[in-house]
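Structural overview for review
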Amino acid sequence: MGFLNKMERKLGRFAISNLMLYVIGAYVIGYAILMLRPDALGYLVLSPYHILLGQVWRLFTWVLVPNTGSLFSLLIMALLYYQLGGALERAWGTFRFNVYIFGGMLFMVIGAFIMYGVMYLMNGGVTVAMLSIGLHFSTAYINMSIFLAFAVMFPNMQIMLMFIIPIKMKWMAFVYAAITVYQLIYTGWDGRVAIIMSLLNFLIFFLSTRNYKRVSPKEIHRRQAFKAQMREPRPGSGITKHKCAICGRTELDDPSLQFRFCSKCEGNYEYCQEHLFTHQHKK
C-alpha cells in the first residue's frame, strides 16, 4: 500500500476518471463488430503467436471481444458493472481503481504468453491448439474480479436478482467463487491460467487489505493481558469482586484468599476458603 501511495503521488494525474464507462464502451464496440463483421473478431483476440509475428494491436484489442452474444445480457452487464465500478472508484480513488483494472488486464496478457511458452516447450513448436489460446483470455474474469472486490468492500449491500429477489453481495460472491472453482476443475489448462491470472489482482487486493497485526502473537498476548487487567479492580478504587458472606473479607484484605460460591445455599452467597465448609447453609 505504501508503494501505491508513492505511485499515486507521481502518476495520479494521469489516472482516467470514470474508467468503467470506457470499459463498457469497449464492450459495446465489440458487440457492434460481432453483429456487423463477426469474422473480424479473429483479428482482435489475445493471440501470442500472432503478436510475436507483428500484430501488436492484439495486446489491446482483446478487450473489445464481447463475452456475450445477447444484447439483453450486454445491457444488464453494462448497467451492473458500471455501478459496481463507479462505487469502487469512489471508495478507492481514481488512481487505485485504474491500477486494479489495468493490473488485471496486464496479468491476462502475461498469462497468455506464459501459457504459449509452456505449450511451445512441451510440443517442440507451434501447434493448432496454441493458436486458440486467446479465446480463453477475455474480460469475463476481469468483470468477476470487479464483482468480488465490490463484495469484499460492501458485503451487506443488497441487489435485486432477476429484478425480483433481494440478495446480499456476499452470498452472490460465494456463488461466483463456486462457479470459478468448478471452472478451474473442469476446464483445460488454457482456461485455468486465464482464471488464475485474471483474478490475481483481486488476490493481491484482498491480501493487502487484511490486518495481519490482529493475529500476531504479540498482539494476541497484549489483548489477553488487557482483558485480564480489566477483570481486576482498579487499585485504590475500593471496588471488589469477591466478599465473604461470614467475615466480610475481600481480595483487597488478603490477595492470597480464595473465594467460592456455595451450591447448597439458596441465593448467591460467596465464602472465603476458611468459611466455605464451616458455615451454616442458608435456606
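Figured I'd write up the structure that's included with this text. (Residues numbered from 1 in each chain as written. Predicted model: local features only at pLDDT ≥ 70, side-chain atom pairs only at ≥ 80, totals over all residues. Heavy atoms only, no water.)

**Examining the overall build of the protein**
Scanning the protein from terminus to terminus reveals 11 helices and 4 strands. Counting across all 283 residues of the protein, residues that qualify as buried make up 37%. Here the analysis covers contacts within the protein between residues at least 6 apart in sequence; of these, 60% occur between residues at least 24 apart. Only carbon and sulfur atoms are counted for the fraction: they give 65% of the accessible area of the protein, which is about 17800 Å². (Helix = DSSP H or I, 4+ residues; strand = E, 2+ residues; numbered from the N terminus. Buried < 20%, exposed > 50% of the residue type's maximum accessible area, 1.4 Å probe, protein only. Contact = heavy atoms within 4.5 Å. Areas by Shrake-Rupley, 256 points an atom, 1.4 Å probe, with all protein chains shown as cover.)

**Points about the nonpolar core**
Counting residues in hydrophobic clusters, the biggest one holds 53 residues, and the most contacted among them are Tyr81 and Ile101. At 10 residues, helix H6 (residues 94-123) tops the list of elements feeding residues into this core. Residue contacts for Tyr81: discarding those within four places in its chain leaves Met20, Ile24, Asn143, Met144, Ile146, Phe147 and Tyr176. Counting 8 residues, the second-largest nonpolar core is a separate cluster that includes Phe259, Cys262, Cys272 and Leu276. (Core = buried A, V, L, I, M, F, W, Y, C linked by side-chain atoms within 4.5 Å.)

**Let's talk about unusual backbone geometry**
Residue Asn18 is not a glycine yet carries a positive backbone phi of 55°. Its location among the elements puts Asn18 in the loop between helix H1 (2-11) and helix H2 (19-36). Residue Asn18 is classed as partly exposed on the basis of its relative accessible area of 29%.

**Some details on the environment of Phe277**
Within the secondary structure layout, Phe277 lies in the segment after strand E4 (270-272). Here the alpha-carbon distance between Phe277 and Cys262, two residues 15 residues apart in the chain, equals 8.8 Å.

**Concerning a nonpolar patch on the surface**
Residues Ile16, Leu21, Tyr22, Tyr82 and Phe102 make up a contiguous nonpolar surface patch of about 490 Å² in total accessible area. Structurally, Leu21 can be placed in helix H2. Judged by relative accessible area, which is 44%, Leu21 ranks as partly exposed. (Patch = residues over 30% accessible without salt bridge, like charges linked within 9 Å, V, L, I, M, F, W, Y side chains within 5 Å. Salt bridge = Lys/Arg side-chain N within 4 Å of Asp/Glu carboxyl O.)

**Side note on the pattern of salt bridges**
Here the structure, examined in full by the defined rule, presents 2 salt bridges. The shortest N-O distance in the salt bridge between Arg37 and Asp39 comes to 3.1 Å. Classification of Asp39 by relative accessible area gives partly exposed; the value is 48%. Where Glu274 meets Arg249, a salt bridge forms, and the shortest distance between an N and an O atom there is 2.9 Å. Of this pair, Glu274 sits in the segment after E4 while Arg249 sits in the loop between helix H11 (217-231) and strand E3 (259-261); the two residues are 25 residues apart in sequence, bridging distant segments of the chain. The partly exposed category is assigned to Glu274, whose relative accessible area is 45%. On the basis of relative accessibility, which here comes to 25%, the residue Arg249 falls in the partly exposed class.

**Considerations on the packing of aromatic side chains**
All told, the structure shown has 4 aromatic pairs when counted by the stated rule. The interplanar angle of 70° and the centroid separation of 5.1 Å between the aromatic rings of Trp92 and Tyr100 together place this pair among those described as edge-to-face. Residues Trp92 and Tyr100 agree in their burial class; the two are buried. Between Phe150 and Phe154, the aromatic rings sit 4.8 Å apart at their centres with planes inclined by 45°, giving tilted as the arrangement. Each member of the aromatic cluster is reached from another via a ring pair, and the members are Trp92, Phe97 and Tyr100. (Phe/Tyr/Trp six-rings, centres within 6.5 Å; stacked < 30°, edge-to-face > 60°.)

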